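Structural overview for review
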Amino acid sequence: MPLPASAPSHDVALQATRNWVERAIIGLGLCPFAAPANLAGRLRIVVSPDSAPQAWLEFVAIQAQELAVADPAALETVLAVLPDPAMAFEEFNDLLDPVEDLFDTMGLSDRLQTALFHPRFRFAGTDEHDVQNNVHRSPLPTLHLLRRESLDSVAPERVAEIIERNERRLGALGDAGWRALLDRGD
């Protein structure tokens, strides 16, 4: 679903993110843990009502607190979407330090971890068109809030397998295939 250059409505942002989760993350099997959490209703996608960075950080604080106190059987993970498609990747990436500070202040650093997703995500040292970047590319700037205990339960060799498999799948799909996957009409 192509997004407008300006901030999309809440419903458009939510649907674009759901499509990305279903088509790419689950559909391509990029995260084998997403499908069970999604099917069980333990994956929450929330769109910030305000795209200003400070307002979004306050929104993330609320989501982090709710995730931290929720029963993992009811809520396993949260995708906090910032509805600003024009925000530069570097600007969004710079928000990670304040999020980490926020977790420290809230006493959640030992319980929660984050993963960053952005439409123009780029691993350090890669070309912007390298398909490996697509594993962290989302329709809108998105912060994934995860429980550390969930991550700690995954063996390091399993993580390495997932990374290698994702590189193969994304390489086979190519950049044009990735865009077609996300941009197909609904």
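Reading the values: the criteria
- Residues numbered from 1 in each chain as written.
- Predicted model: local features only at pLDDT ≥ 70, side-chain atom pairs only at ≥ 80, totals over all residues.
- Heavy atoms only, no water.
- Pairing = 2+ DSSP bridges.
- Helix = DSSP H or I, 4+ residues; strand = E, 2+ residues; numbered from the N terminus.
- Axes fitted to C-alpha atoms, helices over the stretch in contact; angles between N-to-C directions.
- Contact = heavy atoms within 4.5 Å.
- Expected span 1.5 Å × (residues − 1).
- Buried < 20%, exposed > 50% of the residue type's maximum accessible area, 1.4 Å probe, protein only.
- Polar contact = N/O pair within 3.5 Å; in protein donor to acceptor, adjacent residues only side chain to side chain.
- Core = buried A, V, L, I, M, F, W, Y, C linked by side-chain atoms within 4.5 Å.

1. Some details on the sheet that holds strand S1 (residues 43–47)
Reading across from one edge, S1-S2-S4-S3 is the order of the 4 strands in this open sheet, with mixed pairing throughout. A strand with exactly one partner marks an edge of an open sheet, and here the two such strands are S1 and strand S3 (112–117). Sheet twist, expressed as the average angle between the axes of neighbouring strands with direction ignored, equals 20 degrees. The sheet strands contacting helix H1 (residues 10–26) are S1, strand S2 (77–81) and S3, and the helix crosses S1 at an angle near 145 degrees. Relative to the sheet, helix H3 (residues 53–69) contacts S1, S2, S3 and strand S4 (142–147), its axis offset from that of S4 by approximately 25 degrees.

2. A short note on H3
End to end, H3 covers 24 Å across 17 residues, agreeing with the expected 24 Å (1.5 Å per residue, within 8%). Regarding H3, the residues found buried are Trp 56, Leu 57, Phe 59, Val 60, Ala 61, Gln 63, Ala 64, Leu 67 and Ala 68. The secondary structure elements touched by the buried residues of H3 are S1, S2, helix H4 (89–93), helix H5 (96–106), S3 and S4.

3. What about the side chain of Thr 77?
Residue position: Thr 77 is located in strand S2. Polar contacts involving the side chain of Thr 77 include one to the side chain of His 144, which spans 2.4 Å. In terms of polar contacts, Thr 77 uses its side chain to reach the backbone carbonyl oxygen of Leu 145, at 2.9 Å.

4. Examining the nonpolar core
One finds Trp 56, Phe 92, Leu 95, Phe 103, Leu 143 and Leu 145 to be the most contacted residues of the largest nonpolar core, which totals 26 residues. Those elements that place two or more of their residues in this core are H3, S2, H4, H5, S3 and S4. With 7 residues, the top contributor of residues to this core is H3. If we skip the residues at most four places from it in the chain, Leu 145 touches Val 60, Gln 63, Ala 64, Leu 67, Thr 77, Val 78, Phe 103, Gln 113 and Thr 114.

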